[in-house]
Amino acid sequence: MPSKSYVIALDQGTTSSRAILFDKNGAIVAKAQKEFEQLYPRAGWVEHNPMEILYSQMNALEILLSEIGGRVSLSDIACMGVTNQRETTILWDKTTGRPVYNAIVWQCRRTSGLCEELKAGGHAALFQSRTGLVLDAYFSGTKIRWILDNVPAARQLAEQDRLLFGTVETWLIWNLTGGKAHVTDYSNACRTLLFDADKLRWDEELCALLDIPMNILPRAVPSGAFHGEVAAGLIGLHELAGMPITGAIGDQPAALFGQACFAPGQAKNTYGTGCFLLMNTGKRRVRSEHSLLTGVAWGIGGEVEYAMEGSAFNAGSVIQWLRDELKLIDSAPRCDELAESVPDANGVYLVPAFTGLGAPYWDMYARGTIVGLTRGANRAHIARAVIECIPYQVCDLLEAMRADSGISLSELRVDGGASVSNIMMQIQADLIQTKVDRPKVVETTALGAAYMAGLTAGVWSGKEEIQQNRQIDRVFIPEQGRARRDELCRGWKRAVERSLGWAEA
């Protein structure tokens, strides 16, 4: 391959940090992964240690370098791209580099009360108009406010112009560049409740409503741009000193980009910790009437493109719950095996509202529910209900997206860790009555970050070349009739009704 034809992608996710080296064909050359601890200090609260996020990502990158030693020369690696779990909120002291509190994770529900206060004050329409988001504890803005209100040092540092805010890509880039770059890309800025998605700037009125000082906010920049270079002296990473960081993008827009969904109307769903369905809407930001989210998908080459999004908070995490908390399985593949051993869930439905429900319900007080149990229900039926609850949520999102956009998809492109489950993908195709297209490279979040960085650095000439790289692993065709599909979906919606508002009292 010609010189400078490789790209490193850092993929910092909700449960692990990964570093992956891609070649010019979009193929994985080597990868490394480090899991880190999930913190649950109270019911509905989710936190990460920001230093553990950082160290796990640096460690994954260090392992990657040792993996590729002798196979690929570092001089042939053109650049680095970063993708990240969005909305997760970190505040730190720019003088010491130390966080003032744990990272508050996107799943965390502690600011539900503040969101209700803002809604009662009549501010929901303003936030939705400017940001394309609903007022929900999911997003970064209310998490920032909570830290400012509950960590005394935070306000003091802000007054001294020493406090910095960032979502995870901002935190990583700030550390990778030795504190020289305090930036966020448009796709991440759009998830804070503080960013005007049309004017592409921080909104003074929204910051004032949340009592957030604007001096703590990073500089908002396009996704494909020079964000800084790796600093010298980083432990274990001295060989990367001077490498340009030329791409940063939130995990779900990154997957949309990695799936080559470049045309308006193309959509993908990522099956990760949560489920995230995104549709490219081109250069137009669509206003949703079904509680979907709209915002910047990416900015590159002087142009900005938008996406419509629906999110289900718990997807792969439900399988982890079955393994780690209930201990009904010892591995994720075992869930598939059990689910395949029975023809259906025997009338059992599981609604995984562990941290509330996202679109199209947006109920912060919904909680997990299992209904339809009879004496004949067994472990295999529970496993089948776990597998099925993920495609059901995607079906809800897709119905809302069709209603907003008027577009009926000819295919759904899929990716993420849980998309390797053949039974889940077949159930998905049956429920949406549309073919499901799984690529050979399902690491499309990291691939999208690599493509974004590589386009900026000149590794790829344009989107057309990226499109040619995409290879299909398998296409799942609907096998179930519409009548049976409709019957199952009616049962699902009845189950969802039972979960709504559970924690409100």
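Structural data are supplied above this passage.
Scope of this entry: the structure provided in the associated data block. (Residues numbered from 1 in each chain as written. Predicted model: local features only at pLDDT ≥ 70, side-chain atom pairs only at ≥ 80, totals over all residues. Heavy atoms only, no water.)

## Quick notes on the overall build of the protein
- Of the regular secondary structure elements, the protein holds 16 helices and 23 strands.
- Relative to the compact-globule value of 23 Å for 505 residues, the protein shows a C-alpha radius of gyration of 22 Å, a close match.
- Each principal axis of the C-alpha atoms in the protein carries an extent, and together these give about 65 × 55 × 45 Å.
- Put simply, the protein has 505 residues, and 62% of those count as buried.
- Taking as baseline every contact in the protein between residues at least 6 positions apart, the subset at least 24 positions apart corresponds to 73%.
- For the protein, the computed accessible surface area is about 18,600 Å², with 48% contributed by carbon and sulfur atoms. (Helix = DSSP H or I, 4+ residues; strand = E, 2+ residues; numbered from the N terminus. Rg over C-alpha atoms; globule rule 2.2 N^0.38 Å. Buried < 20%, exposed > 50% of the residue type's maximum accessible area, 1.4 Å probe, protein only. Contact = heavy atoms within 4.5 Å. Areas by Shrake-Rupley, 256 points an atom, 1.4 Å probe, with all protein chains shown as cover.)

## Considerations on the pattern of salt bridges
- This structure, assessed with the given rule, holds 35 salt bridges.
- Note that Asp161 is salt-bridged to Lys94, the shortest N-O span being 3.9 Å. Residue Asp161 is found in the loop between helix H5 (152–159) and strand E8 (163–166), and its partner Lys94 is found in the loop between strand E6 (90–93) and strand E7 (103–104); the two are separated by 67 residues along the sequence.
- One salt bridge connects Arg155 with Asp211, and the closest N-O pair in it is separated by 2.9 Å. Separated by 56 residues along the polypeptide, Arg155 in helix H5 and Asp211 in the loop between helix H8 (204–209) and strand E12 (219–221) bring together distant segments of the chain.
- A network of salt bridges, in which partner residues are shared, links Arg86, Glu87, Arg191, Asp251 and Glu309. (Salt bridge = Lys/Arg side-chain N within 4 Å of Asp/Glu carboxyl O.)

## Looking at unusual backbone geometry
- For the bond running from Ala359 to Pro360, omega is -5 degrees, close enough to zero to count as cis.
- Mapped onto the elements of the fold, Pro360 is located in the loop between strand E19 (349–351) and strand E20 (369–371).
- Unusually for a residue other than glycine, Leu200 sits at a positive phi of about 55 degrees.
- Taking relative accessible area as the criterion, Leu200 reaches 24% and is therefore assigned partly exposed.

## With respect to the packing of helix H10 (residues 316–324) against helix H12 (residues 379–405)
- Close contact between H10 and H12 brings their axes to 9 Å; oriented N to C, the two are set at 160 degrees. By the angle class used here, H10 and H12 are roughly antiparallel. Where H10 crosses over H12, the handedness of that crossing is right-handed. Contacts from Gly316, Val318, Ile319 and Leu322 of H10 reach H12 at Ile382, Ala383, Val386, Ile387, Cys389 and Ile390. (Axes fitted to C-alpha atoms, helices over the stretch in contact; angles between N-to-C directions. Parallel < 35°, antiparallel > 145°, perpendicular 65-115°, else oblique. Left-handed = near helix turned anticlockwise from the far one by under 90°.)

## Some thoughts on the sheet that holds strand E18 (residues 303–312)
- Across the sheet, 7 strands lie side by side as E17-E18-E16-E15-E21-E22-E23; this open sheet has mixed pairing. What marks the edges here is a single partner per strand, and that holds for strand E17 (293–300) and strand E23 (472–476). Strand-to-strand twist in this sheet, taken as the mean axis angle between neighbours without regard to direction, amounts to 30 degrees.
- Along the sheet face, helix H13 (residues 422–432) touches strand E15 (267–271), strand E21 (411–415), strand E22 (435–439) and E23 and points at about 145 degrees away from the line of E22. (Pairing = 2+ DSSP bridges.)

## Structural notes on the nonpolar core
- Residues Leu163, Tyr271, Trp298 and Leu412 are the most contacted members of the largest nonpolar core, which totals 137 residues.
- Per-element tally for this core: the top contributor is H12, with 15 residues.
- The residues contacting Leu163, other than those within four sequence positions of it, are Leu91, Trp92, Val100, Leu148, Ala154, Leu157, Ala158, Asn215 and Ile216.
- Counting 41 residues, the second-largest nonpolar core is a separate cluster that includes Ala19, Leu64, Leu176 and Leu234. (Core = buried A, V, L, I, M, F, W, Y, C linked by side-chain atoms within 4.5 Å.)

## A few points about the sheet that holds strand E3 (residues 28–35)
- The strand order across the open sheet formed by 6 strands is E3-E2-E1-E5-E14-E13, and the pairing between neighbours is mixed. Unpaired on one side and paired on the other, E3 and strand E13 (224–229) mark the two borders of the sheet. Mean inter-strand twist for the sheet, computed between neighbouring axes without regard to direction, equals 25 degrees.
- Here 5 bridges tie strand E5 (residues 77–84) to strand E14 (residues 244–250), and the two strands are oriented parallel to one another. Directly across from Gly81, in E14, lies its bridge partner Gly247.
- This element, helix H9 (residues 251–258), spans E5 and E14 of the sheet and lies at about 105 degrees to E14.
- The strands touched by helix H14 (residues 444–457) are strand E1 (6–12), strand E2 (16–22), E5, E13 and E14; relative to E5, the strand with the most contacts, the crossing angle is about 135 degrees.

## Quick notes on the environment of Asp486
- Positionally, Asp486 belongs in helix H16 (residues 482–499).
- Among the residues examined, Asp486 registers a relative accessible area of 26% and is labelled partly exposed.
- As for Asp486 and Leu431, which are separated by 55 residues in sequence, their C-alpha atoms are 8.2 Å apart.

## Observations concerning the packing of aromatic side chains
- In the structure shown here, the tally under the stated rule is 20 aromatic pairs.
- A ring pair is formed by Phe257 and Phe262, whose centres lie 5.1 Å apart and whose planes are at 65 degrees; its orientation type is edge-to-face.
- Relative accessible area serves as the criterion here: at 0%, Phe257 is assigned to the buried category.
- Here the aromatic rings of Tyr349 and Tyr392 are separated by 5.8 Å at their centres, their planes lie at 40 degrees, and the arrangement is tilted. Of this pair, Tyr349 sits in strand E19 while Tyr392 sits in helix H12, placing them 43 residues apart in sequence.
- Look at Tyr349 and you get buried, because its relative accessible area is 12%.
- According to the relative accessible area criterion, Tyr392 is buried, its value standing at 2%.
- The rings of Trp106, Tyr138, Phe139, Phe276, Phe313 and Trp362 are connected pair by pair, giving a single aromatic cluster.
- A cation over a ring is seen here: Arg110 above Trp45, with NZ or CZ 3.9 Å from the ring centre.
- Positioned over the ring face of Trp146 is Arg110, at 4.6 Å from the centre of the ring. (Phe/Tyr/Trp six-rings, centres within 6.5 Å; stacked < 30°, edge-to-face > 60°. Lys NZ or Arg CZ within 6 Å of the ring centre and 35° of its normal.)

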